[in-house]
Amino acid sequence: MSVAETQAAPAPQRTGADVAPLPRVWLMMGVKDGDNAQIQGLAEGLGWPFEVKRMIWRRTELFTNLLLGPNLLGIDQAASSPLDPPWPDLIISAGRRNEPVCRWVQRQAHRQGHRVRLVHVGRPWAYHECFDLIVTTPQYRLPDKPMILQNEAPLHRVTEERLAHEGALWAPRFAHLPRPYIAVMIGGNAGPYVFDDEAADLLGRFASDMAKETGGSVLVTTSRRTPKAPVATLRAALDVPHLLFEWTKAGAENPFYGFIALADRFIVTSDSMSMLTETASTLRPVHIFDLDDTTRSSRPLPGGRSDRPAVRTPWWLKRLRRFGFKPLVYRLAMAAGPIRVTRDVSLIHERLTAEGRAAWMGEPFPQRTPQPFRDMERAVARTRELFPSDGSSRPLPARAPTLERRHSP
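Residues numbered from 1 in each chain as written. Predicted model: local features only at pLDDT ≥ 70, side-chain atom pairs only at ≥ 80, totals over all residues. Heavy atoms only, no water.

### Examining the overall build of the chain
Our working definition: Secondary structure elements are taken from DSSP: a helix is a run of H or I of four residues or more, a strand is a run of E of two residues or more, and numbering for both begins at the N terminus. The classification of residues rests on relative accessible area computed with a 1.4 Å probe and restricted to protein chains. Under 20% of the type maximum is buried, over 50% is exposed, and intermediate values are partly exposed. What makes two residues a contact is simply this: any of their non-hydrogen atoms within 4.5 Å. Method for areas: the Shrake-Rupley scheme with a 1.4 Å probe, in which residue coverage is limited to the protein chains shown.
The helix and strand tally for the chain stands at twelve helices and twelve strands. The proportion of buried residues among the 409 residues of the chain is 53%. Taking the intrachain contacts of the chain between residues at least 6 apart in sequence as the baseline, contacts between residues at least 24 apart amount to 69%. As presented, the chain carries roughly 18,900 Å² of accessible surface, and 55% of it is formed by carbon and sulfur atoms.

Right under this line is the structure:
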C-alpha cells in the first residue's frame, strides 16, 4: 500500500433516519511500529470507522515542527496521505513528528465550524492543553492533569479474537516443532540498549537451554530495529529445533501474532515496551532479556552457568559504543535534561516484575497469576467520553484549538 492511500475499517451497522453518524476517525501513523500498534489498537477498540494516514517527512521537519506550531512544512504533501475535507471528528496520533500536522488539521476544521478532537498516545511535545486526551504510561512521567490518562502499560492489538485467528492460521506451520514453544521476541538498538554479537550469543544459548529442559523448541522473530549481523550469531547459538523469522520491510507474512497465540512462554529483549506488554497480556511467563550490559545489567549467563560466553565483545569496543551518538544523548538527557524530553523505561520493567507479569532472564518466575491489563478499556472509555453518549459525531460545545508555538514545560 502506498503512503498516499487510506484504509477504512467497516462501519458498524446503524439503521434509522434519525440515527446520528458515527465519528469519523483518522489514524496518524508514525515511524515506530510500537506506536502504530497502539494507535490502531485504540481505533479497533473503539469500533468506529477509521482511515489510516501516512506522512512522508522532510529532513527539516524537526526545525519547522518545533518552531512554527501547527503547520505542514515538515511533510512532503504530494507523497503523503491527503489531508482534505471532509474533516475527521477524531484524530489518534503518537510521536513528535505528527503533532503539528494533527493540530493543523484541527485548525483548518475549526475555521470551517467543525470540531476535531485530538487523542495522543505516549508523550506529546506541545502543551498538554493542546490535546483533548493524552494516553500515557509510566516511563514518560507526565503530571496528573484532567486530560491525561495514566495507564499501566502501552496499548496493544492483542485480543482473544486476534489470537484465535492467528493461532488457527499458524498452528499447522509450526506442527513439525516439538512443544512447548518458547518465543523469542527481539527488538534492537535503542537508547542505552545494544543488540550485538555477545547479546545474540547469550540469548540463543539461554533459549536453547530452556528448550532442552522442557523438550520443546524455539520460535524467534526479529523486528524493524534489529541489526542484521548479530542474527547470524543468534542462529549459530540455537542448537535445538527452531524457527527464525527475520523481519524485512517488504518481507514475507509475519508470524508475530502467531507466536504470541501459540507460545507457552516468552523471552523478550528489554528495549521493547510494546513487545513486553503484548506478551505479558497473555498472562503466560515472560522473561526479560536485558540488553544493558553495564554494571546495572540484569543479564546472567545462560542457565546460571559459570562459563564465559562463546562470543565476547572487546571491552574497548563496549566503551566506544557507549559513547556513540544515541547512547550518549540518552545518558546526557537522563542526567541533565528536562523530564519532558526523556523516558525511563526501567519504570515499566519494575512494574511488570513487581506485579508478577514478567521476570528477568535467569530469575525464578513468580508463583502467582497477575490480573489482566485494563488499559485498553480505560483508554476506549475516556475517548468515548469526548463524544455524546450515543457515540455519534454530533458536536459537543465548541473548544477553540490551542495554537501557541511553544512546547510544554
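### A word on the side chain of serine 81
In plain terms, the rule: In the analysis that follows, any N or O atom pair within 3.5 Å is treated as a polar contact, provided that within protein one partner can donate a hydrogen and the other can accept it, and provided that, for residues neighboring in sequence, both atoms belong to side chains.
Secondary-structure assignment places serine 81 in the loop between helix 2 (61–67) and strand 3 (90–94). On the basis of relative accessible area, serine 81 is assigned to the buried category, the value being 3%. A distance of 2.9 Å separates a polar side-chain atom of serine 81 from the backbone nitrogen of arginine 54.

### Some thoughts on the pairing of strand 10 (residues 265–269)
Our working definition: Strands qualify as paired when DSSP identifies two bridges or more between them.
Within strand 10, four of the five residues are buried, which leaves the element mostly enclosed by the surrounding structure. Sheet topology places strand 7 (residues 181–185) next to strand 10; four bridges connect them, and they run parallel. Each bridged residue has a counterpart across the sheet, and for valine 184 the counterpart in strand 10 is isoleucine 267. The sheet contact formed by strand 10 and strand 11 (residues 286–289) spans four bridges and is parallel. Each bridged residue has a counterpart across the sheet, and for threonine 269 the counterpart in strand 11 is phenylalanine 289.

### Concerning a nonpolar patch on the surface
For the record, the criterion: Patches here are clusters of residues that have more than 30% relative accessible area and form no salt bridge, with a 9 Å joining cutoff for like charges and a 5 Å cutoff for nonpolar side chains (Val, Leu, Ile, Met, Phe, Trp, Tyr). Salt bridges are defined as contacts in which a side-chain nitrogen from Lys or Arg sits within 4 Å of a carboxyl oxygen from Asp or Glu.
A contiguous nonpolar surface patch, about 490 Å² in accessible area, is contributed by Leu62, Phe63, Leu67, Leu68 and Leu73. Inspection of the secondary structure puts leucine 73 in the loop between helix 2 and strand 3.

### Quick look at the packing of aromatic side chains
Quick note on the threshold: In this analysis, rings of Phe, Tyr and Trp, with Trp reduced to its six-membered ring, are considered paired at centre separations within 6.5 Å, and the interplanar angle assigns stacked below 30 degrees, edge-to-face beyond 60, and tilted for intermediate values.
As enumerated under the stated definition, the model contains seven aromatic pairs in all. For the pair phenylalanine 174 and tyrosine 181, a centre-to-centre distance of 6.2 Å together with 85° between the ring planes defines the contact as edge-to-face. Note on phenylalanine 174: relative accessible area 0%, which makes it buried. Taken together, a centroid distance of 5.2 Å and an interplanar angle of 80° make the contact between phenylalanine 256 and tyrosine 257 edge-to-face. The same class applies to phenylalanine 256 and to tyrosine 257, which are both buried. Members of the aromatic cluster, each reached through a chain of ring pairs, are Trp170, Phe174, Tyr181 and Phe259.

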